[in-house]
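The residues making up each chain are set out below.
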Amino acid sequence: MKYKGMEKGRFLLRPNRFIAHIEIHGREEIVHVKNTGRCGELLRRGAVVYVQPSEEPKRRTKWDLICVEKGGRLINMDSQVPNVVVKEWIEAGNLFSDTESVQTEKTYGSSRLDLYVEHGGRRAFIEVKGVTLERSGAVLFPDAPSERAVKHIRELIRAVKEGYEAYVFFVIQMKDVRYFTPNRSMHPEFADVLLEAMQAGVRVIAYDCHVAPDVIEIADPVPVELEHPWIYEIADPLTKWFRENKRDLPWRRHISAYRVWVSEIMLQQTRVEAVKPFYERFLKELPTVEALAGAEEDRLLKLWEGLGYYNRVRNMQKAARQVMDEYGGEFPNTYEEIRSLAGIGDYTAGAISSIAYGIPKPAVDGNVLRVVSRIMASREDIMKASVRKNIQDMLERAIPVDSPSDFNQGLFELGATVCVPGGAPRCDLCPVSAWCRAKELGCQMELPIKKKAKERRIEKLTVLLFVDDGAVAIRKRPAKGLLAGMYEFPSLAGHLTMDEISAYSKKIGLAPIQIKPLQDAKHIFSHVEWHMKAYEIRVDELEKNCTLPLIFARPQEIQKEYPLPSAFEAYTEHIRSSVWRA
């Protein structure tokens, strides 16, 4: 839409909703205000404004107020123009590709709705709302309570139930804003009914506008956030805080997709400080995807020894071989391709995409779930896939396109160092505490809600340490199942007595010289617990007489060649300190 005869002026005062005093060419003129909203943040004394000669020659006021400058941004405040520009935009083939007719002010129920469109045999009502209230790049509606707006949205809900399409179209009468949200503090009923409408099938959309003193046109879609505007507000303070406070960690140096990938897999369910030496060792020996793809399984498992969850490194090797076969050895650089690799889920794909390639994808791990749950004061169970998915979708709407890496890592860092688990969060150091509902309500320590998993199955084992002249017997576990392909001390199901151990030893061709009980130990896996008893059994000619397929290894061999899982750590330490030292 174009205006004619525009003149520049300077705002002086507004004695009532309908008129303003404006200086034009050095003269104070009384000007008609076409927007009856409060507009207090726009119409400040001295503000640059643009006016149009009135199209009604008999009217006392000769000018209409059209635009105002605010902080370098030009805002159109003509409340009559949103319906016009949306109608023009739809008639130009936008919103619907098959528009047949557009009618203004169509009566439905007890309301006159702004636009009625017929397209492709379907019927749609559109309620148009002009938005001029802007705060730090966020735009809000309304700037005053509007019972009429609530009534019209309720009519749209009814229209959807009766088979119509329905839209609430917010025309942002300015450019370069961050997001739209209902002004809940001004009119909570409107915010509630707008959310109800969206959930009932009414489409809620917002577009900004190209605005010049004499032109306004619909431009680009603007994100709409009806429930959680804080997700847009925390981005700037969070990323700034991260840049100033991030820890110096090995995987944050010389960033590449491969290095990020290795660190993220290692960091799953393992403390940062514990991971550092494993990461350095792994990267030193397997510095590239090609090296990982070609590694021998025993060497690979040995490098992973102590981290647990050995299927993770096996899946890493599968993925590395995919990269070699399908991508010519170059790590893929799109979220979808990364997500398709073996063992890579939404979280890891989001972390690699955002940190290595600057792709605006969220990465939601336990730290992020805790931070977000506290900010929202949410009492939903974060163990539910639906809750995790909702948080992921929420963050994806708001992740800043210019700093996705710092945003995601800022959330990780916040959860690891400030909004910590198992202790009081350090709210005084939190850069986003101003938006935290849990802090406001004093319930930080109660969140997040994480319902207990199903009780683990308990398995009783008896571990046998056959030793002879500094060698100890080990064997390889089956290729499938728990700790597949790892090496272990031989073991038997159940808790056996010394007499039973003596009898078993003789049965497999060994004559025990001495049997010594060792301390009990326990190891916890995700779904099972091992409760272990153990015996050190000294024998003669271990390798010569045994009928079992065992390997008789010395300390340096085990240290270099044979990956022993941390489940046997207590007994590995016993062998190291008592048997080999002797």
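Described below are features of the structure shown in this document. (Residues numbered from 1 in each chain as written. Predicted model: local features only at pLDDT ≥ 70, side-chain atom pairs only at ≥ 80, totals over all residues. Heavy atoms only, no water.)

1. Details of the overall build of the chain
Within the chain one finds 20 helices and 22 strands. For the chain, the C-alpha radius of gyration of 34 Å lies well beyond 25 Å, the compact-globule estimate for 582 residues. Dimensions along the principal axes, computed over C-alpha positions, put the chain at roughly 120 × 50 × 50 Å. Evaluated residue by residue, the chain yields a buried proportion of 53% over its 582 residues. Here the contacts in the chain between residues at least 6 apart in sequence split such that 67% fall between residues at least 24 apart. (Helix = DSSP H or I, 4+ residues; strand = E, 2+ residues; numbered from the N terminus. Rg over C-alpha atoms; globule rule 2.2 N^0.38 Å. Buried < 20%, exposed > 50% of the residue type's maximum accessible area, 1.4 Å probe, protein only. Contact = heavy atoms within 4.5 Å.)

2. Here we look at the sheet that holds strand E10 (residues 133–135)
Across the sheet, 3 strands lie side by side as E10-E11-E13; this open sheet has mixed pairing. Single-partner strands in this sheet number two, and they are E10 and strand E13 (179–182). Here the strands of the sheet are splayed against their neighbours by 35° on average, with no regard to which way each runs. Looking at chain direction, E10 and strand E11 (residues 138–141) are connected through 3 bridges and run antiparallel. If you follow Leu 133 over to E11, its bridge partner there is Leu 140. (Pairing = 2+ DSSP bridges. Axes fitted to C-alpha atoms, helices over the stretch in contact; angles between N-to-C directions.)

3. Some details on unusual backbone geometry
Among all residues except glycine, the phi angle is most often negative; among peptide bonds, the trans geometry is most common. Note the cis peptide between Phe 141 and Pro 142, where omega equals -5°. With respect to the helices, strands and loops of the structure, Pro 142 is situated in the loop between E11 and helix H2 (147–161). Here the bond from Leu 447 into Pro 448 is cis, since omega is 5°, no more than 30 degrees from zero. In this fold, Pro 448 is placed in the loop between helix H16 (437–441) and strand E16 (457–468). Residue Glu 105 is not a glycine yet carries a positive backbone phi of 50°. You can see Glu 105 is positioned in strand E7 (residues 99–108). Overall, the relative accessible area of 46% leaves Glu 105 in the partly exposed class.

4. Re the sheet that holds E7
Consider a sheet: its strands pair through backbone hydrogen bonds, and that pairing is either parallel or antiparallel. Overall, mixed pairing links the 6 strands, which are arranged E7-E8-E9-E12-E14-E15 in an open sheet. The open sheet terminates on both sides in strands that have one partner only, identified here as E7 and strand E15 (215–221). Between one strand and the next, the sheet's axes are offset by a mean angle of 35°, whatever the strand orientation. Taken together, the 5 bridges between strand E12 (residues 165–172) and strand E14 (residues 203–212) define a ladder with parallel strand orientation. The residue of E14 that forms the bridge with Val 171 is Tyr 207.

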